[in-house]
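# Descriptive structure summary
Read off the chains here:
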Amino acid sequence: MEKHTVKKKVSNEKIRNIAIIAHVDHGKTTLVDHMFRQSGTFRAGLELDERIMDTMDLEKERGITIAAKNCSVRWKGVKINIIDTPGHADFSGEVERALTMADGAILLVDASEGPLPQTRFVLKKTLEKGLKVIVVINKIDRKDGRPDKVLDEIYDLFIDLGADDEQLNFSYLYAIGRQGIAKKSLTEETDNLNHLFDTIIDEIPPPEFDKEEPFQMLVSDLGYSDYLGRLAIGRIFNGNAKFNNIMVCINDQNEHIPFKISKLQVYEGMKLQEAEIVESGDIAVLSGMEDVKIGDTICMKEFPKAMKRITVDEPTIFMEFTINTSPLSGQDGKIVQSAKIHERLIKETLQNVAIRLEQTEERERFTVKGRGEFQMAILIETMRREGFELSVGRPKVIYKHENGEILEPIEVLHVDCAEDFLGIVTEKLSMRKGRMTNLVNNGHGRVRGEFSIPSRSLIGYRDEFLTDTRGTGIMNTLFSGYEPFRGEFPSRSTGSIISDRQGKSVAYALFHLEPRGRLFVAPGEQVYEGMIIGENNKSGDINVNPTKEKKLTNMRASGKDDSTVCSPVQPMTLERAINFIKDDEMVEVVPHSIRLHKKVFSAQKRHMLRSVNYKNK
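This text gives an overview of the structure that appears in the document.

## Considering the overall build of the protein chain
Scanning the protein chain from terminus to terminus reveals 15 helices and 37 strands. Here the protein chain, with 617 residues, has 53% of them falling under the buried criterion. Nonlocal contacts in the protein chain, meaning residues at least 24 apart in sequence, comprise 72% of its contacts between residues at least 6 apart. Put simply, the protein chain shows about 30400 Å² of open surface, and 48% of that area lies on carbon and sulfur atoms.

## Some details on the packing of helix H1 (residues 28-38) against helix H7 (residues 194-203)
Closest axis-to-axis distance for the H1/H7 pair is 11 Å, and the angle between their directions is 90 degrees. Between H1 and H7, the interaxial angle falls into the category roughly perpendicular. Within the contact between the two elements, H1 uses Leu 31, Met 35 and Gln 38 and H7 uses Leu 196, Phe 197 and Ile 200. Across the contact of H1 with H7, the residue classes tally to five nonpolar, one polar and no charged.

## Looking at the pattern of salt bridges
Applying the stated criterion to the full structure yields 39 salt bridges. With its nearest N and O atoms 3.3 Å apart, the salt bridge here joins Lys 79 to Asp 282. In this pair, Lys 79 is assigned in strand E4 (residues 78-84) and Asp 282 in the loop between strand E17 (277-278) and strand E18 (283-287), connecting sequence segments 203 residues apart. For Lys 79, a relative accessible area of 3% translates into the label buried. Ionic pairing is found between Lys 599 and Glu 320, a salt bridge with its closest N-O pair at 3.9 Å.

## Section: the sheet that holds strand E2 (residues 15-22)
Spatially, seven strands are ordered E3-E4-E2-E5-E6-E7-E8 in an open sheet, and the strand pairing comes out mixed. Edge positions in the sheet fall to strand E3 (69-75) and strand E8 (181-183), since each of these pairs with one other strand and no more. Adjacent strand axes in the sheet meet at a mean angle of 30 degrees, parallel and antiparallel pairs treated alike. Packed on one face of the sheet, H1 meets E2, E3, E4 and strand E5 (104-110) and runs near 35 degrees to E3. Packing against the sheet, helix H5 (residues 147-160) makes contact with E5, strand E6 (132-138) and strand E7 (171-176), and its axis sits at approximately 155 degrees to E6.

## Quick word on the sheet that holds strand E13 (residues 246-250)
Spatial ordering of the open sheet is given by E14-E13-E19-E10-E11-E18-E15-E16, a layout of eight strands whose pairing is antiparallel. Edge positions in the sheet fall to strand E14 (256-260) and strand E16 (271-274), since each of these pairs with one other strand and no more. Pairwise comparison of adjacent strand axes, ignoring direction, gives a mean angle of 40 degrees for this sheet. Relative to E14, E13 runs antiparallel, the two sharing five bridges. What sits directly across from Ile 250, in E14, is His 256.

## Side note on the pairing of strand E20 (residues 317-322)
Relative to strand E24 (residues 396-397), E20 runs antiparallel, the two sharing two bridges. Its bridge partner being in E24, Phe 318 is matched across the sheet by Lys 396. Direction of pairing for E20 relative to strand E22 (residues 365-370): antiparallel, over a ladder of six bridges. Considered in E22, the bridge of Phe 318 is made with Lys 369.

## As for the packing of helix H4 (residues 117-128) against H5
At a minimum axis distance of 10 Å, the contact between H4 and H5 shows a crossing angle of 50 degrees. Considered as vectors, H4 and H5 are oriented oblique to each other. Crossing handedness for the pair H4 and H5: right-handed. Contacts between H4 and H5 involve Thr 119, Arg 120, Leu 123 and Leu 127 from the first element and Leu 157, Phe 158 and Asp 160 from the second.

## Concerning the pairing of E22
Remember that side chains alternate between the two faces of the sheet whenever the strand is regular. Most of E22 is tucked away: five of the six residues are buried. Two elements, strand E21 (residues 356-359) and E22, share four bridges in a ladder whose sense is antiparallel. Looking at E22, one finds that Arg 356 is bridged to Lys 369. With antiparallel pairing between neighbouring strands as the criterion, E21 and E22 make up a hairpin whose turn holds five residues.

## Some thoughts on the nonpolar core
Ranked by size, the top nonpolar core spans 38 residues in total, and within it Ile 21, Leu 107, Leu 123, Val 135, Ile 137, Ile 154 and Phe 158 carry the most contacts. Counting residues per element, this core draws most heavily on H5, which supplies five residues. In this structure Phe 158 touches Leu 107, Leu 123, Leu 127, Val 133, Val 135, Ala 163, Gln 167, Leu 168 and Phe 170, once residues within four positions along its chain are discounted. Ile 355, Val 368, Val 397 and Met 572 belong to the second largest nonpolar core, which has 32 residues in total.

Cut-offs applied
- Residues numbered from 1 in each chain as written.
- Predicted model: local features only at pLDDT ≥ 70, side-chain atom pairs only at ≥ 80, totals over all residues.
- Heavy atoms only, no water.
- Helix = DSSP H or I, 4+ residues; strand = E, 2+ residues; numbered from the N terminus.
- Buried < 20%, exposed > 50% of the residue type's maximum accessible area, 1.4 Å probe, protein only.
- Contact = heavy atoms within 4.5 Å.
- Areas by Shrake-Rupley, 256 points an atom, 1.4 Å probe, with all protein chains shown as cover.
- Axes fitted to C-alpha atoms, helices over the stretch in contact; angles between N-to-C directions.
- Parallel < 35°, antiparallel > 145°, perpendicular 65-115°, else oblique.
- Nonpolar A, V, L, I, M, F, W, Y, C, P; charged D, E, K, R; others polar.
- Salt bridge = Lys/Arg side-chain N within 4 Å of Asp/Glu carboxyl O.
- Pairing = 2+ DSSP bridges.
- Left-handed = near helix turned anticlockwise from the far one by under 90°.
- Core = buried A, V, L, I, M, F, W, Y, C linked by side-chain atoms within 4.5 Å.

Purely geometric stuff here, so don't read any function into it on its own.
See the structure below:
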């Protein structure tokens with residue numbers, strides 16, 4: 001009888017691959033900072049900025065991680081590859097992509113807040129991949145910290161997500177991330193992260209590979225170099241690669257595209273270091289291949305064997321992107337052409353697996369699909385800073401149709417607010433078809449509510465929520481699936497104040513418009529016909545003249561004229577603008593300004609359209 005040899009996997013004990021996962025603002029990037037400092041990655045006495053892994057300007061400004069990033073530290077002769085992942089639910093596609101490179105994960109949980117929606121999402125994805133988890137309860141120095149209860153909540157979450165016995169037997173540590181301290185018990189005295197490094201080496205399994213299998217690498221990220229071109233980043237699952245090797249890239253069409261490795265690099269600290277050879281289990285950066293996408297497999301030309309592609313959850317919202325059609329277009333940005341906008345959006349879909357792009361019947365309009373309005377706002381803000389001019393429409397949810405029934409995306413909404421504001425929050429959410437599923441009062445003056453609510457109900461609600469809670473409320477969401485359509489609800493109850501002509505706004509005119517509502521423009525700003533200059537207190541839109549000046553006469557008043565002083569105008573942010581607009585309105589995004597306008601600029605045409613629509617009814 002012919003004997004079948006069983007292939008045995010071997011481990012690369014010199015490497016550990018871990019992802020750091022958590023809810024937003026639970027301290028991932030700060031902890032990584034201290035891991036760098038204490039592992040000897042930087043020389044002693046070197047001054048470093050805080051949150052050095054936040055390399056994008058938007059990440060530094062907002063204090064959140066937007067894109068997953070790779071780095072490495074060394075401890076006791078072992079190289080630890082670290083993948084820092086985003087904590088906001090809208091960037092969960094980055095988490096799913098990053099987990100393909102890891103053998104384990106560090107789950108960070110705030111000692112006061114406990115597990116939150118994104119904690120559930122990232123842990124669910126980690127457990128599904130069968131990765132080993134180390135739990136770190138962070139910020140134990142908080143006055144309102146409750147680490148013991150939070151640990152119980154984490155166990156409950158593991159059980160709720162269907163963790164097996166081995167996964168339930170997780171190691172846990174207590175930490176003060178900003179001080180670089182990790183300990184095994186709350187009473188232990190220590191001033192370093194040695195326990196964390198040792199636990200990673202002891203608990204996280206080393207990467208396994210098959211000695212007999214040829215080279216295989218799954219592309220999990222893309223980069224770009226002015227000198228080397230496109231960079232393919234991913235974990236090597238089998239075999240070794242050398243400089244100048246002839247490889248093939250197997251794409252989503254199963255095409256085999258040959259190329260030669262022009263440069264081979266690995267992560268050392270935060271930088272890339274050139275290598276002659278890379279081993280199985282390491283995370284490598286290959287150059288020499290231009291037409292490569294996330295999810296492609298790179299392997300030897302003689303032994304082409306594709307790996308399972310990276311899959312992420314479907315997008316739930318879409319927005320319309322188009323060129324800037326306002327009368328002020330081309331005066332601020334450098335890039336205004338639709339072809340350039342299309343090219344930039346394609347580039348984004350290559351680097352971000354959660355973003356989808358569709359071309360509409362009109363050449364200058366594009367449909368961009370994603371996970372949430374915040375993800376879209378970050379994309380638009382990034383393009384704006386790159387010099388683009390464009391217009392975007394209101395976010396809309398993606399419906400599904402099954403068995404003649406309309407299904408809509410539903411979110412789990414977690415609200416943390418003072419007891420005094422719970423009534424108004426619950427009332428507003430119930431009006432938007434939200435249903436309360438849980439309520440916890442810890443007796444400290446604040447309550448936590450959990451709601452099941454349609455995704456469309458949350459578009460534009462965040463600003464209203466902050467107003468209702470006097471800026472003290474916290475809300476977090478997590479996509480939970482599709483349910484039958486819950487029915488219509490009243491949308492924005494206010495109208496828009498619209499300019500009926502082009503020119504410069506005048507203080508005299510704006511001062512007399514203030515009783516009508518909240519204004520968005522200050523004296524001296526350029527306005528045009530169809531531009532939204534404020535929010536009307538009443539439900540309908542009104543057309544006004546913001547350029548009207550005071551009439552001069554040859555009669556002197558008996559007293560001195562009072563100088564016209566307008567109320568301060570709150571600067572319009574991109575998120576506020578996207579949340580404010582209605583379906584017939586657009587946001588004009590240019591490098592130094594954000595304006596709102598009607599899709600139809602002419603007041604006369606809008607009146608004619610309203611008449612036609614009324615007759616059709």
